[in-house]
Amino acid sequence: MEISNIWYFLSGLTLLSALMVVLAKNPIHSVLYLVFTFFCISGHYVLLNAQFLMAVNIIVYAGAIMVLFLFVIMMFDLRKNQPESKSNLTKLAGSVVAGSLLVVLIALVRQNNFMTPQAEGFISQTGMVENLGKVLYSEYLLPFELVSILFFVAMVGAVLLGKREAGERNF
Amino acid sequence: MNLFDSVFIAKASFIGVIFLITLGVAAYSTYFERKIAAFMQDRIGPDRAGPFGILQPLADAVKMFMKEDFIPANSNKWLFIMGPCLSMLTALMTSAVVPFGDTVTIGDVTFDLQGIDVNIGILWVFGVVSLGVYGILIGGWASNNKYSLLGAIRAASQNISYELAMGLSIIAILMMTGSLSTKAIVEAQQNGHWNILYQPMGFVIFLICAFAECNRTPFDLPECETELIGGYHTEYSSMKLGFFLFAEYINMFISGAVMATLYFGGYDYPGVDFVTAQLGATAATLIGMGALIGKALAFVFIFMWVRWTLPRFRYDQLMGLGWSGLIPIAMFNVVVTGLGVLLNQQILVGFGGLVVFIAGIVVYDQLVVKKKIA
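Student: What should I look at first to understand the nonpolar core in this one?
Tutor: Side chains of a nonpolar character, in soluble globular proteins, are inclined to be buried together. In terms of nonpolar packing, the biggest core is built from 104 residues, with Ile28 and Leu70 of chain A together with Phe100, Tyr134, Phe206, Met259 and Leu262 of chain B touching the most fellow members. For this core, the element with the most residues is helix α11 (residues 238-263) of chain B, which contributes 14 residues.

Student: Before we go on, may I ask you to explain the interface of chain B and chain A in this structure?
Tutor: How big an interface is tends to be reported as the loss of accessible area on association of its parts. Across the boundary between the two partners, chain B contributes 24 residues, which contact 28 residues of chain A. Taking both sides of the interface into account, the surface hidden between chain B and chain A amounts to around 2100 Å²; carbon and sulfur atoms contribute 79%. It is Asn119, Tyr134 and Trp141 of chain B in chain B that bury the most area against chain A; as a group they hold 27% of the surface buried on that side. Taken together, chain B and chain A are joined by zero salt bridges. Viewed at the interface, chain A and chain B are joined by two residue pairs in polar contact (both at pLDDT 80 or more). No other element matches helix α4 (residues 121-131) of chain B, which puts six residues into the side of chain B that touches chain A.

Student: Teacher, can you tell me more about helix α4 (residues 88-111) of chain A here?
Tutor: In an α-helix, one turn spans 3.6 residues, which is why side chains three or four residues apart end up on the same side. Helix length check: α4 of chain A, at 24 residues, gives a terminal C-alpha distance of 35 Å against a target of 34 Å (1.5 Å per residue), a fit within 8%. With zero of 24 residues buried, α4 of chain A is to be regarded as a mostly surface element.

Student: When you look at the domain arrangement of chain A in this model, what are you seeing that I'm missing?
Tutor: Residue and element names in this part refer to chain A. Assigned domains of chain A: these are domain 1 (1-79) and domain 2 (125-164). Placing the centre of domain 1 and that of domain 2 at their C-alpha centroids yields a distance of 23 Å. Every contact between the two is made by four residues of domain 1 and, on the other side, five residues of domain 2. Together, the buried faces of domain 1 and domain 2 total about 380 Å²; carbon and sulfur atoms form 67% of this surface. Area buried by domain 1 at its contact with domain 2 is led by Asn49, Gln51 and Phe52, which between them contribute 85% of it. Linking domain 1 with domain 2 are zero residue pairs in polar contact (both at pLDDT 80 or more), by the criterion used here. Here the residues of the side of domain 1 that touches domain 2 sort into two nonpolar, two polar and no charged.

Student: Any chance you could explain the packing of aromatic side chains here in plain terms?
Tutor: In this description, a pair of aromatic rings is defined by centroid distance and the angle of the planes. Residue and element names in this part refer to chain B. Under the counting rule described, the total for this entry stands at 19 aromatic pairs over all chains. Aromatic pair Phe14 and Phe100: ring centres 6.3 Å apart, planes at 70 degrees, arrangement edge-to-face. Placement of Phe14 in helix α1 (residues 2-40) and of Phe100 in the loop between α3 (77-93) and β1 (101-106) is noted, with a sequence separation of 86 residues between them. Summarising the burial analysis for this pair, Phe14 and Phe100 share the class buried. Taking the centre distance of 6.0 Å and the plane angle of 55 degrees together, the rings of Phe203 and Phe299 count as tilted. With Phe203 in helix α9 (residues 200-213) and Phe299 in helix α13 (residues 281-307), this residue pair connects regions lying 96 residues apart in the sequence. Taking relative accessible area as the criterion, Phe203 reaches 11% and is therefore assigned buried. By relative accessible area, Phe299 is classed as buried at 6%.

Student: Explain the packing of α3 of chain B against helix α5 (residues 133-142) of chain B here, please?
Tutor: Residues and elements named next belong to chain B. The contact between α3 and α5 brings their axes to 7 Å, and the two run at 160 degrees. What the angle tells us is that α3 and α5 run roughly antiparallel. Read as a crossing pair, α3 and α5 show a hand that is left-handed. Note on element contacts: α5 touches α3 through Tyr134, Gly135, Ile136, Ile138, Gly139, Trp141 and Ala142, opposite Leu79, Phe80, Met82, Gly83, Leu86 and Ser87. In terms of residue class, the contact of α3 with α5 is made up of nine nonpolar, four polar and no charged.

Student: What is the right way to look at the pattern of salt bridges in this model?
Tutor: For side chains of opposite charge, pairing can occur when their charged atoms come near one another. All names here are of chain B. Inspection of every chain in the model, using the stated rule, returns seven salt bridges over all chains. For Arg216, the salt bridge is made with Glu33, and the minimal N-O distance between the two is 3.1 Å. Here Glu33 lies in helix α1 and Arg216 lies in the loop between α9 and α10 (225-228), a separation of 183 residues in the sequence. Of the charged contacts, one joins Arg314 and Asp316 as a salt bridge, the two residues approaching to 2.9 Å between their closest N and O atoms. Judged by relative accessible area, Arg314 falls into the partly exposed class, the value being 48%. On the accessibility criterion, Asp316 (48% relative accessible area) is partly exposed. Counted as one network, the salt bridges with shared partners bring together Glu33, Arg216, Glu248 and Arg307.

Calculation notes
- Residues numbered from 1 in each chain as written.
- Chains lettered and ligands numbered in written order.
- Predicted model: local features only at pLDDT ≥ 70, side-chain atom pairs only at ≥ 80, totals over all residues.
- Heavy atoms only, no water.
- Core = buried A, V, L, I, M, F, W, Y, C linked by side-chain atoms within 4.5 Å.
- Buried < 20%, exposed > 50% of the residue type's maximum accessible area, 1.4 Å probe, protein only.
- Helix = DSSP H or I, 4+ residues; strand = E, 2+ residues; numbered from the N terminus.
- Contact = heavy atoms within 4.5 Å.
- Buried area = accessible area lost by both parts, 1.4 Å probe.
- Salt bridge = Lys/Arg side-chain N within 4 Å of Asp/Glu carboxyl O.
- Polar contact = N/O pair within 3.5 Å; in protein donor to acceptor, adjacent residues only side chain to side chain.
- Expected span 1.5 Å × (residues − 1).
- Domains from an automatic or database assignment.
- Nonpolar A, V, L, I, M, F, W, Y, C, P; charged D, E, K, R; others polar.
- Phe/Tyr/Trp six-rings, centres within 6.5 Å; stacked < 30°, edge-to-face > 60°.
- Axes fitted to C-alpha atoms, helices over the stretch in contact; angles between N-to-C directions.
- Parallel < 35°, antiparallel > 145°, perpendicular 65-115°, else oblique.
- Left-handed = near helix turned anticlockwise from the far one by under 90°.

Encoded structure:
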C-alpha cells in the first residue's frame, strides 16, 4: 500500500469526523467524534514521523481534556437544556459571518505560497523526542519557560477559584 | 522481501502468543481471586468443576454467555455496546510496548520479544491508560441510570487525579535512564541494578496509582456496591458485564508487567550469564520471558492480597490522598532523584531522601497535628 493512499484515507476520515462533530445532534456524540478526530490527527503525526507529538496529543487532548468535556456534558440534563432554535435572522447572520471567514482564509492561502519542504534535504529524525528536546531547551528556551510560567499561573488561578471560602456551603 | 515476510510472521505470532497468555492469565485470575479470598476467609472456595475446581473459569464463561443479554429500553444502544468493547480494547493495547524478553534468533533472523519498540514506549503506556476511562464513562452514561452515571463520573475523576502522581513517579525513572523507550529502561537495569533499589519512593507511588487506575480495592469506588448498587455496570448483564470484569483482570496483569518492567528489571533474573553459557541465548531469553511473567503474576497476587485485606476508602479520602498526598511526595521524589543524578550517588540519595521524608512527616505530625487536637 502506498503511503499517500494512507494519507488520503486518513485525511478523509479526519474531515468526516470533524464534520460529524458539528452535525451530530447529541452533544455526547459530538464529543466522541471530536476524540476520534484527535486520533486521526495523531495518525497524521505518525505519518510525519513525529511520534512524541502523537503520544502527547493523545495524552493531553484525548486522555485529559476530552474526558473533562464528557464529564461536564454528562452532568447536564440534556432533555431540559435543549438550546432553543434560532430565528431566521440569526441563521442568516451566522452563515454570512462564516462565509466571509471562508473567503478570507481562501484568499490567504492563495496569496501566500507556503514553503513546501524539500524531500531531499529533509531530516527524517526531526520529530524524534531527543531532537525535539534539544531544540526546545536550546533555541526556544525562553518561550518554553514563559509557557511553563503561564501554566503555573493558570494552575494557581484554578485552585483559587475552586477553593471554598470560609462559611461557604460544604456540598 | 523474504526477510520482511519472516519478520512480519514472527511478530504476528509473537503478538498472538502474548494475546493468548494475557487472556489465559485473566481467566485464571478469576479462579485464583476466589481461591485466595477463600483462603483468607478460612473457606475452601470453588472446588466442584474439575480437580481443585480448576475448570471454574470455563464454567463461569459458559454461565456468562448463557445469561440473557439485556439492553435497557431508554439507553443509548450503540454507546451501551461500545462501553465494554472500548474497555477490552484499551486493556489489551498496553502490552504492545512491554518488552517480554531479549532478542531471539530463529534461522538467520533476529527479532525482539516486544510488540513495537518505539522510542516513546512509556508515553504509549501512559496514553493508553488515560484512554482506559472512556469505556467506563461511555458505558455508565449510556445505561441511563443515575447510579451508573455516578459510578462513571467517579471513575473519570479518580483516573485523572491519579494519572498525575503516576506521571511524576515515571519522570523520576526517566531522569535516571535518559530514555522514554521501555527497552532502554530494562536494559539499564540488567545485572541486578533494578530500579526498586534506586527508586523505593517512586515505586510505592506507582503501585498506589496502579491500584487506583485499575479500580481495585481499596480504590474501587466506581463500583462501590454499598453506595451505588453495582456502579457503572449496574445495567449490564451477560458477556457485556463479563467484558468489563475481564478488562479489569487484564489491566491488573498488564500493570503488573509494566511495574516489573519499570522497577524490577523486566526480563532480568539472577544468573543470566550462567544460563546463557550453559543452554544458549534462546533458552536464556525464554527463561527471561518466564521471569517477567512470573513477576507480573506476583503483582497480580499483591492486587488480590490487598483486595481481601483492606477496606474501601471514602471518596474524599481518595481525593485527598491523590491530590494532597501522592502528588507532593512524587514532586519531592523528582527533586531527590535530580540531586542523586547530579551527585552520582543515586542509591545513597534515594534512601536518604526517604529517611528525610519520613522524619519530616513525624516532625509535622508532632508539631501540627497534635496542636490541632489540643
